[in-house]
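Spelled out, the chains give:
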Protein chains: 2
Amino acid sequence: MSALTPHVLEALSVDECLQLLATRSVGRIAFAHDGDPQIFPVNYQLHEGAIVFRTDYGGLLDAIHLSIAAFEVDAIDPEYRTGWSVVVHGRAEEVWKPAELVPLRTLNLRPWAPGARDHYVRIFPRSITGRRIK
Amino acid sequence: MSALTPHVLEALSVDECLQLLATRSVGRIAFAHDGDPQIFPVNYQLHEGAIVFRTDYGGLLDAIHLSIAAFEVDAIDPEYRTGWSVVVHGRAEEVWKPAELVPLRTLNLRPWAPGARDHYVRIFPRSITGRRIK
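Here, residues in each chain are numbered from 1, in the same order as that chain's written sequence. Chain labels run from A onward and ligand labels from 1 onward, assigned in the order the entries are written. Local features in a predicted model are, by the rule used here, given only for residues with pLDDT of at least 70; side-chain atom pairs are given and counted only at 80 or more, and totals for whole chains, interfaces and linings are based on all residues. Working from all heavy atoms in the structure, the side-chain values ignore hydrogens and water.

Asker: How do you make sense of the overall build of chain A when you look at a structure like this?
Answerer: The helix and strand labels rest on DSSP assignments: H or I over at least four residues marks a helix, E over at least two residues marks a strand, and numbering proceeds from the N terminus. Helix and strand content of chain A: 3 helices and 7 strands. Along chain A, helices (α) and strands (β) appear in the sequence β-α-β-β-β-α-β-β-α-β when read from the amino end. Relative to its 134 residues, chain A shows a buried fraction of 50%. Restricting the contact set of chain A to residue pairs at least 6 apart, pairs at least 24 apart contribute 70%. A 1.4 Å probe rolled over the protein chains alone gives each residue an accessible area, and that area as a share of the maximum for its type sets the label: buried under 20%, exposed over 50%, partly exposed in between. We call two residues in contact when some of their heavy atoms are within 4.5 Å.

Asker: Got a minute to help me understand the pairing of strand 4 (residues 50–55) of chain A in this structure?
Answerer: Consecutive side chains of a regular strand alternate in pointing toward one face of the sheet and then the other. Residue and element names in this part refer to chain A. Taken across its 6 residues, strand 4 has 5 buried, putting it largely inside the fold. Strands were regarded as paired on the criterion that DSSP finds at least two bridges between them. Taking the residues that link successive antiparallel strands as the turn, the strand 3 (residues 36–47)-strand 4 hairpin has 2 residues, and the phi of glutamate 48 there is positive, at about 50°. Looking at chain direction, strand 4 and strand 7 (residues 119–133) are connected through 5 bridges and run antiparallel. Along strand 7, the bridge assignment pairs isoleucine 51 with isoleucine 123.

Asker: Quick question: what am I supposed to make of the interface of chain B and chain A here?
Answerer: The parts lose accessible area when they come together, and the size of an interface is often stated as this lost area. Tallying the contact residues gives 43 residues for chain B and 42 residues for chain A. Once two parts are brought into contact, the accessible area they lose, counted with a 1.4 Å probe and summed over both, makes up the buried area. Approximately 3,500 Å² of surface area, both sides summed, lies buried where chain B meets chain A, with 64% of it carried by carbon and sulfur atoms. For this analysis, a salt bridge means a side-chain nitrogen from Lys or Arg found within 4 Å of a carboxyl oxygen belonging to Asp or Glu. Along the contact surface separating chain B from chain A lie 6 salt bridges. The residue Asp36(A) makes a salt bridge to Arg126(B) at a minimum N-O spacing of 3.0 Å.

Asker: Teacher, can you tell me more about the pattern of salt bridges here?
Answerer: Where charged atoms from two side chains of opposite charge approach closely, those side chains can pair. According to the stated counting rule, one finds 16 salt bridges over all chains in the structure shown. As a salt-bridge pair, Asp74(B) and Arg28(B) come within 3.9 Å of each other at their nearest N and O atoms. Residue Asp74(B) is located in strand 5 (residues 68–77), and its partner Arg28(B) is located in strand 2 (residues 26–33); the two are separated by 46 residues in the primary sequence. Assigned by exposure class, Asp74(B) and Arg28(B) land together as buried. One network of salt bridges, in which partners are shared, links Arg28(A), Glu72(A), Asp74(A), Arg28(B), Glu72(B) and Asp74(B).

And the structure:
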């Protein structure tokens, strides 16, 4: 690194990524819908290795169910150019089996946007990548 | 709204969205690459109605040039469930004409990640939408 680029970009291990994902509650989910990229902020929790969030019936739920999604969480200080970013790729799916919903309903998982939003979407990671700038 | 959903979701005008975009410096860009959604945080500035950010040659630049992108900026308080989110859709393109690069190089536009990142990408909005939760 030269004096002009004193920051160091460091790749994070999957374990580090999972630890960082557990420290935040808002992420942004991206997926393609009718060929166009869509992106939304959601409140999420990490549950048994999967990203889980709530949404309403229709709209986002219809669009994202069974889509390949990219889910990003970060903590960035733009002034000091430090922080980290973690991206999870995987298939998003609505959780509908009652036995699987029971534990999800006990999570402290409040949707960011108002409304009932009593449908749960889960992303099982196909890949988890992250980077940190020191 | 019931007592259980005291928050109000409000659609923002384009002018409000542009004003909010001007208040932040980190956003997340989403686009499809080889059919899979990609998402990255970037430092950006609003310049003459377009989103502008810097990146390295290769990697992100190759993937995003001429892609339809979705660019999201937000300020969310997960605890109080308040905040706003703005999404810009448009075609991303590298700016390469010298006459267009001159004003971009005068922006206080520092990339989040280290490295020279002396290529500029611009997104002219095809649509701008936003929502606020009070």
